[in-house]
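# Summary of structural features
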Amino acid sequence: MTRRKSIHIGEFKHANPIPNACRIGNLLMSGVILGRDPATGAMPERIEDQCANMFAHMKSIVEAGGGTTDDIIKMTVWLQDRNQRAPVNTEWLKMFPDEHSRPARHALQMDMENGALVQCDFTAVIG
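The following paragraphs examine the structure supplied in this document. Sequence order as written defines the numbering, with residues in each chain counted from 1. It should be noted that, the model being predicted, local features are given only for residues of pLDDT at least 70 and side-chain atom pairs only at 80 or more, the latter also being counted only at that level, while totals for whole chains, interfaces and linings use all residues. Hydrogens and waters are ignored; side-chain quantities use all the structure's heavy atoms.

## Regarding the overall build of the chain
To keep it simple, the criterion reads: Counting from the N terminus, the helices are the DSSP runs of H or I reaching at least four residues and the strands are the DSSP runs of E reaching at least two. For the radius of gyration, the atom set is restricted to C-alpha positions; the globular benchmark scales as 2.2 Å times the number of residues to the power 0.38. For each residue, the accessible area found with a 1.4 Å probe, counting protein chains only, is set against the maximum for its type, and the residue is called buried under 20%, exposed over 50%, and partly exposed in between. Throughout, a contact is declared for two residues whenever any of their heavy atoms are within 4.5 Å.
If you tally the helices and strands in the chain, you get two helices and seven strands. Expected size for 127 residues packed as a compact globule is a radius of gyration near 14 Å; at 14 Å, the chain falls within 12% of this value. Overall, the C-alpha framework of the chain stretches about 45 × 35 × 25 Å when taken along its three principal axes. For the chain, with 127 residues in total, the buried portion stands at 38%. Sequence separation of 24 or more characterises 66% of the internal contacts of the chain that already satisfy a separation of 6 or more.

If you want it as C-alpha cells, here you go:
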C-alpha cells in the first residue's frame, strides 16, 4: 500500500494532472483552490461568490481526505486586491465561528488570471 494518498473531489479538478490535495499519515495539504462554480466550471464575476465556492471546495477536500474543517491548521489566501478581505472574512467566520478555535491564516496579494479574484491552499492535521 502506498504511503501517499491523492485526494480528489467531484467536478472540482485541476487543469493539470494534479490532485486537489495529498495526505501522508495525518497530514493533509491541498493544492491551490479557486472559486470556480463546481457544476459549470465557470469563474463567477463577484468575489463574494468566488469566496463562497472556495470555502465550500476547501470543506469538501478536507472531508474527502478523512477530516473536518476542525482539522485545518493553516490557510493561505491570495487576493487580486488585498483590500478585498471582507468577503474572505465573511466565509471565514461562517466556517470558523469560534474565535478560540480558528486556523492560522495569511493573506497575500497576487496577480491572477482567468477572472480569479481569490484563491487559497490549506494544511490540515487529521486525527
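The discussion continues.
## Section: the side chain of N53
The line we're drawing: As used in this structure description, the phrase polar contact means that two N or O atoms lie within 3.5 Å; if the pair is within protein, one of them must be able to donate a hydrogen and the other to accept it, and residues adjacent in sequence are counted only when both atoms belong to side chains.
Position of N53 among the secondary structure elements: in helix α1 (residues 47-64). We classify N53 as buried; its relative accessible area is 17%. Within the structure, N53 has its side chain in polar contact with the backbone oxygen of G35 (distance 3.0 Å). When residues no more than four places from it in sequence are discounted, the contact partners of N53 are G35, R36, D37, P38 and P44.

## Topic: the pairing of strand β5 (residues 72-79)
Operational definition: Two strands are said to pair when DSSP picks up at least two bridges between them. Orienting the strands away from the viewer, one traces the path from the first strand over the helix to the second; a clockwise path indicates a right-handed crossover.
A large share of β5 lies buried, amounting to six of its eight residues. Of the pairings in the sheet, the one linking β5 to strand β7 (residues 118-125) comprises seven bridges and is antiparallel in character. Residue pairing in the sheet places K74 in a bridge with T123 of β7. For the handedness criterion, the β-α-β arrangement of β5, helix α2 (residues 86-95) and strand β6 (residues 104-109) is classed as right-handed.

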